[in-house]
Amino acid sequence: MKKYIKYTVLFAVALMLLNSCKKFVEVEPRGAFTETGYYRDATEAFNGLVATYDILGYQANNFVTKVDVSDAASDDNVAGGGGPNDVTPMQVMSNYTLTPALGPQDSLWAAGYQGVYRANILLAKLPAVPMDASLKARYTAEAKALRAYFYFDLVRLFKNIPLITEPVTVDNAYDIVQATPLAVYAQIESDLKAALAETNFPASVPVATEAGRLNKGIVHALLGKVYLYEKKYTEAAAEFKEVNGATPGQPSATYGYNLVASYASLWKNANKFNSEAILEITHTSKSNATWSCLTCGEGNILNIMVGPRNYNILAGKTAPDYISGYSFLPVTKNFVDFSHNDPRFRASVANLDSLEKNGIVTYEKGYMNTGYFIEKFAGRQSDKTTGGGEPVLNYPQDMYEIRLADTYLMEAEAIIVGGGDISRATALITAVRNRAYADGLQHPVAPTLQNIIAERRLELAFEGHRWFDLVRWGIAGQVLGSKGFVTGKHEILPVPLQELDNTKLKQSREWGGSL
């Protein structure tokens, strides 16, 4: 924590990142501000809120994101790239050779606590800001929900983490200790429930002006997910039903969420903030990102990372307009064999091996090449930025943190495991499958946990869920043992070594520590 706190206690760092990509944000602050002299009015409070939102799309300078490292750790992908030392945190996560000194933990810890820090500052300052009371109440609800989001990631990734709910000063930074996971989850629940109880926190937001901003529908979905991880199945099912609506496959009466008709359309940039999107992390091609600061840009770096290297369409041939990328996260043969007969396969997987064998394209074989790439997130020439900055860092595809098919399947899981209404669980799974097949027929499967496991793998492929799911179900060792996963160790990441230096924090027992 020492290195992190020394960095973040200078609030100017937070405020210099306010040019967020969220549609509702039009803030372009100039210069640096200190925390002491800030929060003088509603505009500055809004700026602080934007700074907190900005961490939702965190991408580290070493290319680490929550999605890419969790994909690399799963059975659906390998790290890939240019060689065994290319983006080392991804490589060691993929083959489970990470250590307390080497892995993605530094970046993911920093992302979570930057978000917590900014939320805590905003919550501490808001009471004294002279502004409209209803607006202040809304900002407070948003900040609490955001803090809960960041803590949910942190506790799932690290388990043994500090629980900080007030701004940290340099004087007390070294005296912080870790809380129990139970206490962290209790705080997460408290923050989310407080947001939902706030009458000035909207049920939904206008997409044209506030797309990407939290609302009660998002918070219900997040609280349901938290309950599911806590194995509070009855509570989880209730929260998800609030989001999913009374009749699976029909628009939710309260929030309007509805499965889009075409699965493939989910990945089109023209289809941002569609009816299925619940929590969408936005990116833009107009942030002018450069190599000098990856964390400062708002483009989606996954688009360039997963594209095939030196991709070339041969003369006279017609092929997808993929950009030449860095060949990270090749799709495993295991996933291809599992999914190739499913109608979602072509929208999820790019078969470069077939295109090359048929004399349509050529490409360079990267590290651990399988011939299969992530179709969902492959960057496209048609999406290439026309603005400034480095083009490869300015691709605009958004990422779904939570979407409706995900909450359908999570509700069905909570019902099945928790002993709820099995007919509703069947209807939820069937709605997801019917949309996938899109042939007007019914495609039900038995409402079992095993079928939920299979359906989540097919529906949510490469979206960053698989590794977390395997750990949550307690089957990660069984599924990932061939990659090096050790049960009782690799379910969490080690606390970064730099956070243990001259602090009261302790390493987790799973990683040789005493906590």
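All figures in this text were calculated on a predicted structure; none of them were measured in a lab.

*Asks:* An account of the overall build of the chain is requested, with residue identities and associated values reported.
*Replies:* Counting its secondary structure elements, the chain contains 21 helices and six strands. Relative to the 2.2 N^0.38 estimate, which gives 24 Å for 515 residues, the radius of gyration of the chain is 22 Å and therefore close to what a compact globule would have. Counting only C-alpha atoms, the chain reaches 65 × 50 × 50 Å along its principal axes. Counting across all 515 residues of the chain, residues that qualify as buried make up 60%.

*Asks:* Give me the lowdown on the nonpolar core, citing residues and values where you can.
*Replies:* Core analysis: the largest hydrophobic core is formed by 143 residues, its most contacted members being Met90, Tyr151, Ile161, Ile188, Leu192 and Trp467. The element best represented in this core is helix H7 (residues 133-158), accounting for 14 residues. Not counting residues up to four positions away in its chain, the partners in contact with Trp467 are Ser70, Ala73, Ser74, Met93, Tyr96, Leu157, Leu480, Phe485, His490 and Glu491. Judged by nonpolar contacts, the second largest core, of ten residues, contains Tyr322, Ala350, Leu352 and Phe373.

*Asks:* Could you give an account of the packing of helix H11 (residues 233-244) against helix H16 (residues 404-418), with specific residues and numbers?
*Replies:* Each pair of packed helices can be summarised by the angle the axes make with each other and by the distance between the axes. Two elements in contact, H11 and H16, have axes separated by 8 Å at closest approach and are oriented at 150 degrees. For the pair H11 and H16, the sense of crossing is left-handed. Contact residues: Tyr233, Ala236, Ala237, Phe240, Lys241, Val243 and Asn244 in H11; Leu404, Thr407, Tyr408, Met410, Glu411, Ala414, Ile415, Val417 and Gly418 in H16. Considered class by class, the residues forming the contact of H11 with H16 number eleven nonpolar, three polar and two charged.

*Asks:* I'd like a rundown of the side chain of Thr52, residues and numbers included.
*Replies:* Inspection of the secondary structure assignment puts Thr52 in helix H3 (residues 42-54). When sequence neighbours within four positions are dropped, the list of residues in contact with Thr52 reads Gly115, Arg118, Ala119, Leu122, Leu146 and Phe150.

Rules used in this analysis
Residues numbered from 1 in each chain as written. Predicted model: local features only at pLDDT ≥ 70, side-chain atom pairs only at ≥ 80, totals over all residues. Heavy atoms only, no water. Helix = DSSP H or I, 4+ residues; strand = E, 2+ residues; numbered from the N terminus. Rg over C-alpha atoms; globule rule 2.2 N^0.38 Å. Buried < 20%, exposed > 50% of the residue type's maximum accessible area, 1.4 Å probe, protein only. Core = buried A, V, L, I, M, F, W, Y, C linked by side-chain atoms within 4.5 Å. Contact = heavy atoms within 4.5 Å. Axes fitted to C-alpha atoms, helices over the stretch in contact; angles between N-to-C directions. Left-handed = near helix turned anticlockwise from the far one by under 90°. Nonpolar A, V, L, I, M, F, W, Y, C, P; charged D, E, K, R; others polar.

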